[in-house]
Amino acid sequence: MANHIEEAKSGRASCRTCKKTIGKGELRLGVEVASQFSDATVQWHHLACAADKLPVELKEGLAGFEGEVPDRAALETTLEATIAKGAAKPGGLPHVDHAPTGRAKCITCGEPIAKASLRVAVESEIDTGAMVTKGARYLHPGCAKAHFFDIDGGLTDLVVGVRSNSRLPEVELTAAIAAIEAGAGAPAA
Ligand SMILES: [Zn+2]
Ligand SMILES: [Zn+2]
């Protein structure tokens, strides 16, 4: 089932955004989280929390929900504002967003990714020595092609994933995808 709204059947689940409990009978948004390493699972959010962090998913949930939603108009105003600000959380990996710091290094060229510049985040297995965990690793858009070059259909899958998960304004997303497809390498320092 895609992103959907329902009444909480129990008071046991907590909101993935604010970590607080979602009361029994309260409306909640279920977001399906897909991973290339495991089956999809559903994560729950308060509707008000989703309006601030997951506006695209909430919009889809509201569109498919036939019941009464208290504060529907206020939720819609908030979610549209979140989208307009570019403050929405990406819908999973892979995606393109703005680097919050200048600390991450590109996994293709090894150079740092400049703060606030566009970066590609991909899901990767990270070997910590003691165990292998899943997490995000980062690339310059221009370095992604070299990284996915030897994976069959890898670049196509990356672009499809980036298009569906990124929450950038359309003009930035189009530029990022063009840079991924061009594969020109790291930006000149
Ligand atoms: Zn919440
Ligand atoms: Zn790079």
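1. Some points on the packing of helix α2 (residues 55–63) against helix α3 (residues 72–85)
Put simply, α2 and α3 touch, their axes get as near as 9 Å, and they point 145 degrees apart. When the axes of α2 and α3 are compared, the crossing they make is left-handed. Between α2 and α3, the contacting residues are P55, V56, L58, K59 and L62 on the first element and R72, E76, L79, E80, T82 and I83 on the second. Per-class residue counts for the contact of α2 with α3 are six nonpolar, one polar and four charged.

2. Side note on the domain arrangement of the protein chain
For the protein chain, the assigned domains are domain 1 (4–85) and domain 2 (95–182). Of note, the centres of domain 1 and domain 2, computed from C-alpha atoms alone, are 27 Å apart.

3. Concerning the sheet that holds strand β4 (residues 95–98)
As summarised here, the arrangement of the three strands in space is β4-β5-β6, forming an open sheet in which the pairing is antiparallel. Unpaired on one side and paired on the other, β4 and β6 (132–139) mark the two borders of the sheet. Strand-to-strand twist of the sheet, defined as the mean angle between neighbouring strand axes without regard to direction, takes the value 45 degrees. Of the pairings in the sheet, the one linking strand β5 (residues 118–127) to β6 comprises eight bridges and is antiparallel in character. Looking at the pairing, V122 lines up with R137 of β6.

4. What to know about the coordination of the zinc ion (ligand 1)
With distances of 2.1 to 2.4 Å, the protein atoms coordinating the zinc ion (ligand 1) are C15 (SG), C18 (SG), H46 (ND1) and C49 (SG). The class of C49 is buried, set by a relative accessible area of 15%.

5. Details of α3
Helix length check: α3 (14 residues) gives 20 Å between terminal C-alpha atoms against 20 Å at 1.5 Å per residue, within 8%. Turning to α3, its buried residues are L75, L79 and T82. What you see down the axis of α3 is that its buried residues fit within an arc of 60 degrees, all on one side. Exposed residues on α3 whose side chains face more than 90 degrees from its buried face are A73, T77, A84 and K85. If you follow the buried residues of α3, they end up packed against α1 (47–53) and α2. Looking at the residues trailing α3, positive phi occurs at G86, about 75 degrees.

6. So, the pairing of β5
In the sheet, β4 pairs with β5 via four bridges, with the strands oriented antiparallel. For H98, the partnering residue across the bridge sits in β5 and is L118. Connecting the antiparallel pair β5 and β6 is a turn made up of four residues, with G129 showing a positive phi of about 100 degrees.

7. Structural notes on the pattern of salt bridges
Opposite charge on two side chains permits them to pair, given that their charged atoms come into close proximity. Taken as a whole and assessed by the stated rule, the structure comprises seven salt bridges. A salt bridge links E80 to K59, with the shortest nitrogen-to-oxygen separation between them at 3.0 Å. Highlighted residues: E80 in helix α3 and K59 in helix α2, separated in sequence by 21 residues. We classify E80 as partly exposed; its relative accessible area is 36%. Taking the relative accessible area as the measure of exposure, K59 reaches 40% and is therefore partly exposed.

8. Regarding helix α6 (residues 170–182)
Counted at 1.5 Å a residue, the expected span for α6 with its 13 residues is 18 Å, and the 18 Å between its end C-alpha atoms agrees. Listed in full, the buried residues belonging to α6 are L173, A176, I177 and I180. The arc enclosing the buried residues of α6, seen along the axis, measures out at 95 degrees, which places them on a common side. Set apart from the buried face of α6 by more than 90 degrees, the exposed residues are V171 and A182. For α6, the secondary structure elements touched by its buried residues are β4, β5, α4 (144–148) and α5 (154–165). One or two positions beyond α6, positive phi appears at G183, with a value near 60 degrees.

Reading the values: the criteria
Residues numbered from 1 in each chain as written. Chains lettered and ligands numbered in written order. Predicted model: local features only at pLDDT ≥ 70, side-chain atom pairs only at ≥ 80, totals over all residues. Heavy atoms only, no water. Axes fitted to C-alpha atoms, helices over the stretch in contact; angles between N-to-C directions. Helix = DSSP H or I, 4+ residues; strand = E, 2+ residues; numbered from the N terminus. Left-handed = near helix turned anticlockwise from the far one by under 90°. Contact = heavy atoms within 4.5 Å. Nonpolar A, V, L, I, M, F, W, Y, C, P; charged D, E, K, R; others polar. Domains from an automatic or database assignment. Pairing = 2+ DSSP bridges. Donors = N, O, S within 2.8 Å, 3.2 Å for Na, K, Ca; no water. Buried < 20%, exposed > 50% of the residue type's maximum accessible area, 1.4 Å probe, protein only. Expected span 1.5 Å × (residues − 1). Arc of directions from axis to C-beta. Salt bridge = Lys/Arg side-chain N within 4 Å of Asp/Glu carboxyl O.

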